[in-house]
Amino acid sequence: MPVERTLIVVKPDGVRRGLVGEVISRLERKGLKIRALKMLWMTREQAEEFYSVHKGKPFYDELVKFTQSGPVVAIVVEGDSAISVVRTMIGPTDGRKAPPGTIRGDYSLSILENIVHASDSEESYAREFKVIFRDSEVMPGY
Ligand code: CMP
């Protein structure tokens, strides 16, 4: 099984609601290793680049605005099949449809304000990582 890295972003709604610790706790308890961690307030340029794959969709402008509405916490984790494991842990996009036990299923009633984002592929991870981190900010194995 491949050891992968993925990026989780606790979005402005998750930070405002005090769910940063809950998200980090779930990732750690699962056995994923935290490699990098940062709190930041995204600029318009960062938010647009982060969600560039959604450019042109009806919700894009609202999404970019929401992403800049407060600070976010970005976390790089590493582990066996981390990309798909974390996607399973966060649940489907729409919090109203996400099953209980998933982060969105337990904490969100919205498709936009859905607490967390996680990379959906190695390509997405590579692009999203560059929006937020430099390579030197990733801790070596410990
Ligand atoms: P995320 O997993 O971060 O990826 C894209 C984001 O766009 C998604 O979570 C939601 O926050 C948002 N999104 C997706 N679909 C819609 C929609 N139909 N209406 C509003 N926001 C959406």
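Look a little higher up for the structure.
A.B. asks: Could you give an account of the side chain of Ser119, with specific residues and numbers?
C.D. replies: Turning to its location among the elements, Ser119 is positioned in the loop between strand S4 (116-118) and helix H7 (122-132). A polar side-chain atom of Ser119 sits 2.7 Å from a polar atom in the side chain of Glu128. Residues within four places of Ser119 in sequence aside, it is in contact with Thr6, Leu7, Ile83, Arg87, Ser124, Tyr125 and Glu128.

A.B. asks: Quick rundown of the pairing of strand S1 (residues 3-10)? Include the residues and the values.
C.D. replies: A large share of S1 lies buried, amounting to six of its eight residues. Sheet topology places S1 next to strand S3 (residues 72-80); eight bridges connect them, and they run antiparallel. Pairing of Leu7 across the sheet is with Val76, part of S3. Bridge count for S1 against S4 is three bridges, and the pairing is antiparallel. Bridge pairing links Ile8 to Ala118 in S4.

A.B. asks: How would you summarise the site of the ligand if you had to cite specific residues and measurements?
C.D. replies: Taken together, Lys11, Tyr51, His54, Phe59, Leu63, Thr93, Arg104, Ile111, Leu112, Asn114 and His117 make up all the residues around the ligand. Lys11 places a side-chain nitrogen or oxygen 2.8 Å from an oxygen atom of the ligand. One of the side-chain nitrogen or oxygen atoms of His117 is found 2.8 Å away from an oxygen atom of the ligand. Because more than half of its atoms lie within 2 Å of the grid, the ligand is assigned to the largest pocket. The residue inventory of the shell around the ligand, partitioned by class, reads five nonpolar, four polar and two charged.

A.B. asks: If you had to explain helix H2 (residues 20-30) to someone new, which residues and values would you point to?
C.D. replies: Within H2, the full set of buried residues consists of Val23, Ile24, Arg26 and Leu27. One side of H2 carries all its buried residues, which in axial view fall inside an arc of 160°. Considering only its buried residues, H2 is in contact with S1, strand S2 (33-40), S3, helix H5 (82-90), helix H6 (103-107) and S4. Backbone geometry just after H2 places Gly31 at a positive phi near 110°.

A.B. asks: Help me get a handle on the layout of surface pockets, residues and values and all.
C.D. replies: Counted as a void, the largest pocket has a volume near 450 Å³. In terms of lining, the largest pocket is formed by 22 residues, of which the most central are Tyr51, His54, Phe59, Thr93 and His117. Among the residues making up the lining of the largest pocket, the classes are represented as nine nonpolar, six polar and seven charged.

Reading the values: the criteria
- Position numbers for residues start from 1 in each chain and track the written sequence from start to end.
- Two thresholds apply to this predicted model, a pLDDT of at least 70 for residue-level local features and 80 or more for giving and counting side-chain atom pairs, whereas whole-chain, interface and lining totals are computed over all residues.
- Side-chain numbers come from the whole structure's heavy atoms, not from hydrogens or water.
- Numbering of helices and strands runs from the N terminus; a helix is a DSSP stretch of H or I covering at least four residues, while a strand is a stretch of E covering at least two.
- Two N or O atoms count as a polar contact when they lie within 3.5 Å, although within protein this holds only if one can serve as hydrogen donor and the other as acceptor, and sequence-adjacent residues are included solely when both atoms are side-chain atoms.
- A contact between two residues is defined here by any heavy atoms of the two lying within 4.5 Å.
- The rule is simple: take the accessible area with a 1.4 Å probe, protein chains only, and divide by the maximum for that residue type; under 20% is buried, over 50% is exposed, in between is partly exposed.
- In short, DSSP must find at least two bridges between two strands for them to pair.
- Whether a residue is near a molecule or strand is decided by its heavy atoms; if any one of them lies within 4 Å of it, the residue is near.
- Definitions used throughout: a 1 Å grid over protein atoms alone; a cavity as a set of points that fits a 1.4 Å probe which cannot get out; a pocket as an open set with protein on both sides within 12 Å along at least five of seven lines; a lining residue as one with an atom within 4 Å of a point.
- For this analysis, a molecule is said to be in a pocket or cavity if more than half of its atoms are within 2 Å of the grid points defining it.
- Only Asp, Glu, Lys and Arg are considered charged, only Ala, Val, Leu, Ile, Met, Phe, Trp, Tyr, Cys and Pro nonpolar, and every remaining residue, Gly among them, polar.
- In this context, the arc is that of the directions from the helix axis out to the C-beta atoms.
- Grid points are joined across faces, edges and corners, and a volume is the space filled by probe spheres set on the points.

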